[in-house]
Amino acid sequence: MLGFAAPHYWIQGCLFALLLSSSLSASARDITLGVLAWRDAEAIETTLEPTLIALRNQLPDHVFEVEFLPLAELEQAVAEGRVDFVMTNPGHYVQLNDRYSVSPIATLQAPDLDPPLQVVGSVVVTLAQADSIQDWTDLKDRRIGAVSADAFGGFQLVRDKLERAGLNVQRDIGQWVFTGFPMENLIQILDEGQVDAIILRSCLLESLAREGKLVQSDYRPVIDLQLPNHPCWVSTPLYPDWPFLQLGTTDPHLARQVLQVLLQVQVETPQGVAYKWAAPLSYRPVYDVFERLRLGPFAAFPLNPFAAFVHQYRFWLLGLMLFMLLGFMHHLRAEYLVRRRTRELDQSLKEQRQAEAAAHQRQSELLHLSRFALMGELAAGLAHELNQPLTAIVNYANGCYRYLNTPQAADFEHRDKLLQASELIAAQGEQAGSIIKNLRAFLRKETPNTEVIALHPLLVEALEFMQASFRQHQVELDYSPCPPDWLIQGDRVQLLQILVNLLANAVDAMQAQPQRRLSLRVTEIQDRVAIHVIDTGVGIPKAIESHLFDPFFTTKPEGMGLGLRLSQTLAEAHHGQLMLHDHPAGGAEALLILPGFKGPTENANDR
Ligand code: ADP
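Residues numbered from 1 in each chain as written. Predicted model: local features only at pLDDT ≥ 70, side-chain atom pairs only at ≥ 80, totals over all residues. Heavy atoms only, no water.

## Considering the overall build of the protein
From N to C terminus, the protein includes 16 helices and 20 strands. Scored against the burial criterion, the 607 residues of the protein give a buried share of 43%. In the protein, once contacts between residues fewer than 6 apart in sequence are set aside, the share between residues at least 24 apart is 76%. Accessible surface, the protein: about 32400 Å² in total, of which carbon and sulfur atoms supply 56%. (Helix = DSSP H or I, 4+ residues; strand = E, 2+ residues; numbered from the N terminus. Buried < 20%, exposed > 50% of the residue type's maximum accessible area, 1.4 Å probe, protein only. Contact = heavy atoms within 4.5 Å. Areas by Shrake-Rupley, 256 points an atom, 1.4 Å probe, with all protein chains shown as cover.)

Shown next as structure tokens:
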């Protein structure tokens, strides 16, 4: 990097040493101050004069020697320990600090500024008439002059700005022309048209104009930031001015003495020419520039091409990311809407299916009920029609009975048997008539006749009704007679209907079974009686258990599916309950529970 420095501008300046040494004693110690020769020796000497005079006057025990050196030689002198103090530009300080032990004890106070600001920047200057260059990007493909690629205010600050403006200093600039120090050389090549623009340290052009070396209006800044309180053209941000450095090997006591002198330097030369010193500023911003440009201490960190690419195209990338984000959000939204719609459709399909199933269920229930009602109508009509013939049968039977009792019939053969038969015909006819009457009353929703009935005779009567069927199917009957004082209240015929129904179902269920045994038991549950009809039939499969009491539910080829339903309705009309379930011993158990009580049987109606 330092190879860009111009070696021909190597100044071995011992002028001031000679000037000062004459007044020093033989014991005086030599102190060497290395100064970066950024301008011609005369200009630098003028600016440094008050400083050196102050040092000479206030530290008479020392001989001060000043060496004006270009960048490379100044570093060489530091490396060899030939200098005790160094004055150089901030960029060079950062580079020196990377390799040697150097620390700033003061920062230069620029001579041109009022108020003096401890800052330095760069300005890109072109000829006043060259109005085609107005912006950083106009420097693309142009020829640009600078002192050295290592110069801080003379090159690197502008490079930083160019790269931040998206220009690559290697590829995008037409040609770089490096003249070496002094910086005034650049004015000459710009005037001669060798370059289109030059990079100067800020305020140099104004100094040269003051010194009468050029006319400022012949030039113009490509960019002027017009910073407040800054009287010079400036194209870049401002950074701390030159540091006055002590080396690691410098005697600390001496460094303290020098610092005290520096802070007290009085400028007696005309304002704007000589240097003064102030407490050191932070050089952090300079480090930041070096870090961005991967220079000096940051050169070891290779510039990440990916990061550089990202930086260069950051706005496009941001736009792309935003576009992708919007696309992604649109995709998410579309997916969400599709899912919601699918869910809604599923839900409405489900609801529709449920509604259809419910409608179907209602329809079949309705169908059953209407068939049930029709059945009721039919039964009512049938009962009405049968009532007449039954009455006639009973009347005729009674007529026969009465006739057989008259003297004319006294000689009839088998008269007694005929009397008994006509008595039985009349009794059975009356029984059938009362069943039909009850059925009609039931269908008319009439409240049942209530009478106190002894339970045991009622059960016996029901068993008698079923006697023929038991015999026909060889059913073994097991009846444990219930206590005679157990009474129930209700309609005897309806209660008989229930019992006969349960017994008939039990016989049906046992038909195909090898063993056919029917048990009839009565138990007491608080103020109720429970009549158990237990068979050894096929039992109740779980699947049909809940449908047993549905109207028209039957598993028999000839069945009507009304028996249990009718029995349940009758049981409920008696404030009772009817249940049918599987019996643990096999077969089924029908359970009829009715309100019951105990009492004298005289009050009970046996027949
Ligand atoms: P059905 O006249 O068809 O027999 P029910 O209402 O009397 O009508 O009975 C309905 C159904 O209940 C029968 O078809 C039969 O499947 C079942 N069932 C009734 N009692 C019994 C029983 N004791 N054992 C097994 N199944 C029975």
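## Side note on the packing of aromatic side chains
Counted under the stated rule, the structure contains 9 aromatic pairs. Relative to Tyr239, the ring of Phe152 lies with its centre 5.8 Å away and its plane at 80°, an arrangement referred to as edge-to-face. With Phe152 in helix H5 (residues 152–164) and Tyr239 in strand S11 (residues 239–240), this pair connects stretches of sequence that are 87 residues apart. Accessibility classification places Phe152 together with Tyr239 in one group, the buried group. Among the aromatic residues, those joined into a cluster by ring pairs are Phe85, Phe244 and Trp277. (Phe/Tyr/Trp six-rings, centres within 6.5 Å; stacked < 30°, edge-to-face > 60°.)

## Observations regarding the sheet that holds strand S10 (residues 219–221)
The strand order across the open sheet formed by 5 strands is S8-S7-S9-S6-S10, and the pairing between neighbours is mixed. Both edges of this open sheet fall to strand S8 (175–178) and S10, since each of them pairs with a single strand only. For this sheet the average axis-to-axis angle between neighbouring strands, irrespective of direction, equals 30°. Judged from the 4 bridges that link them, strand S7 (residues 143–146) and S8 form a sheet pairing that is parallel. Among the inter-strand pairings, Gly145 is bridged to a residue of S8, identified as Val177. (Pairing = 2+ DSSP bridges. Axes fitted to C-alpha atoms, helices over the stretch in contact; angles between N-to-C directions.)

## Structural notes on the nonpolar core
One broad rule of soluble globular proteins: the nonpolar side chains tend to lie buried together. Formed by 94 residues in total, the largest nonpolar core has its most connected members in Leu200 and Phe244. Once residues lying within four places of it in the same chain are set aside, the contact partners of Leu200 are Gly121, Ser122, Val123, Val125, Gly153, Met183, Leu186, Ile187 and Leu205. Ranked by size, the runner-up nonpolar core spans 40 residues in total, among them Ala462, Tyr479, Trp486 and Leu495. (Core = buried A, V, L, I, M, F, W, Y, C linked by side-chain atoms within 4.5 Å.)

## Topic: unusual backbone geometry
That bond from Phe181 to Pro182 is cis: its omega, 0°, falls within 30 degrees of zero. Positioned with a positive phi, Asp141 is a non-glycine residue whose angle comes to about 65°. Tracing the backbone through its elements, the reader meets Asp141 in the loop between strand S6 (122–127) and S7. Although it is not a glycine, Cys203 sits at a positive phi angle of roughly 80°. With respect to the secondary-structure elements, Cys203 resides in the loop between strand S9 (197–201) and helix H7 (204–210).

## A short note on the pattern of salt bridges
Enumeration according to the criterion identifies 22 salt bridges in this entry. As a salt-bridge pair, Arg82 and Glu80 come within 2.7 Å of each other at their nearest N and O atoms. Taking the shortest distance from any N to any O, the salt bridge between Arg492 and Glu461 comes out at 2.7 Å. Taken together, the residues Arg492 in helix H14 (residues 492–510) and Glu461 in helix H13 (residues 455–472) connect sequence positions 31 residues apart. (Salt bridge = Lys/Arg side-chain N within 4 Å of Asp/Glu carboxyl O.)

## Let's talk about the state of the cysteines
A covalent bond between the sulfur atoms of two cysteines is what we call a disulfide. The full count for this structure, using the stated rule, is 1 disulfide. Between the sulfur of Cys203 and that of Cys232 lies a disulfide, 2.0 Å long from S to S. Torsion about the S-S bond of the Cys203 and Cys232 cystine: about 100°, corresponding to right-handed handedness. Taken together, the residues Cys203 in the loop between S9 and H7 and Cys232 in the loop between S10 and S11 connect sequence positions 29 residues apart. Residue Cys203 shares its accessibility class with Cys232, and that shared class is buried. (Disulfide = S-S within 2.5 Å.)

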